[in-house]
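# Structural description and commentary
Residues per chain, in single letters:
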Amino acid sequence: MSKVMSGAVQMAIARMNARSLNDEYLNEPVKWAKDILGVHLWCKQREIVESVRDNKRTVVRSSNGTGKSMACGVVAAWWIATQYPRD
């Protein structure tokens, strides 16, 4: 990766981190996904993300290719961006 590209990526990450620390996203992973990542989660993905936020354990039973991994990636990124720096 070129230095220019690397610098652009670092700037984008820094901007995302700064916006993510806004208190409105602390308990709103669906809103964070939409506003920060530009990702629209469908209803079952929203249920998964909110269940992970609200419960110690979440189990999802469904077929392949339904977006479970996407939802897990979003909730992991949300937690790291909004919760982790505050701990």
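First, a word on what this report is: a plain description of the structure on this page. No experiment lies behind these values; they were computed from the predicted model shown. (Residues numbered from 1 in each chain as written. Predicted model: local features only at pLDDT ≥ 70, side-chain atom pairs only at ≥ 80, totals over all residues. Heavy atoms only, no water.)

## Observations concerning the overall build of the chain
To keep it simple, the criterion reads: A helix here means a DSSP run of H or I that spans at least four residues, while a strand means a run of E at least two residues long, and both kinds are numbered starting from the N terminus. Burial classes: relative accessible area under 20% of the type maximum marks a residue as buried, over 50% as exposed, and values in between as partly exposed (1.4 Å probe, protein chains only). For this analysis, residues touch if any pair of their heavy atoms sits within 4.5 Å. Per-residue accessibility takes into account occlusion by the displayed protein chains alone, with areas from the Shrake-Rupley method and a 1.4 Å probe.
What the chain contains, in helices and strands, is 4 helices and 0 strands. Each helix (α) and strand (β) of the chain, taken in turn from the N terminus, gives the series α-α-α-α. For the chain, the proportion of its 87 residues judged to be buried stands at 23%. Across the chain, contacts joining residues at least 24 apart in sequence account for 49% of those joining residues at least 6 apart. For the chain, the accessible surface area stands at approximately 6400 Å², while carbon and sulfur atoms represent 56% of it.

## Looking at the pattern of salt bridges
Defined as follows: One side-chain nitrogen of Lys or Arg within 4 Å of one carboxyl oxygen of Asp or Glu is enough to make a salt bridge.
Taken as a whole and assessed by the stated rule, the structure comprises 4 salt bridges. Between Asp35 and Lys31 there is a salt bridge, with the nearest N and O atoms lying 3.0 Å from each other. Of this pair, Asp35 and Lys31 both sit in helix 2 (residues 29-37), 4 residues apart, which is roughly one turn of that helix. A relative accessible area of 28% means that Asp35 is categorised as partly exposed. Because the salt bridges share partners, they merge into one network encompassing Glu24, Lys31 and Asp35.

## Brief notes about the side chain of Thr82
Here is the rule we go by: Polar contact is defined as a pair of N or O atoms within 3.5 Å, subject to the rule that within protein one atom must be able to donate a hydrogen and the other to accept it, and that residues adjacent in sequence are counted only when both atoms are side-chain atoms.
Looking at where Thr82 falls in the secondary structure, it is placed in helix 4 (residues 68-82). The buried category is assigned to Thr82, whose relative accessible area is 0%. Only 2.7 Å separates the side chain of Thr82 from the backbone oxygen of Trp78, close enough to count as a polar contact.

## Brief notes about helix 3 (residues 43-54)
The following threshold applies: Expected span of a helix, by definition, is 1.5 Å for each gap between consecutive residues, and there is one gap fewer than residues. Directions are taken from the helix axis to each C-beta atom, and the arc is the one they span.
With 12 residues, helix 3 ought to run about 16 Å at 1.5 Å a step, and its terminal C-alpha atoms sit 16 Å apart, in line with that. Looking only at helix 3, the buried set comprises Gln45, Ile48, Val49 and Ser51. Projected down its long axis, helix 3 shows its buried positions confined to an angular sector of 160 degrees, all on one face. Each element contacted by the buried residues of helix 3 is listed here: helix 2 and helix 4.

## What to know about the environment of Ala33
Relative to the helices and strands, Ala33 is located in helix 2. Relative accessible area serves as the criterion here: at 0%, Ala33 is assigned to the buried category. Sequence-wise, Ala33 and Val75 are 42 residues apart; in three dimensions their C-alpha atoms are separated by 8.3 Å. In this view, Ala33 contacts Gly38, Val39, Leu41 and Val74; residues no more than four positions away in its chain are not counted.

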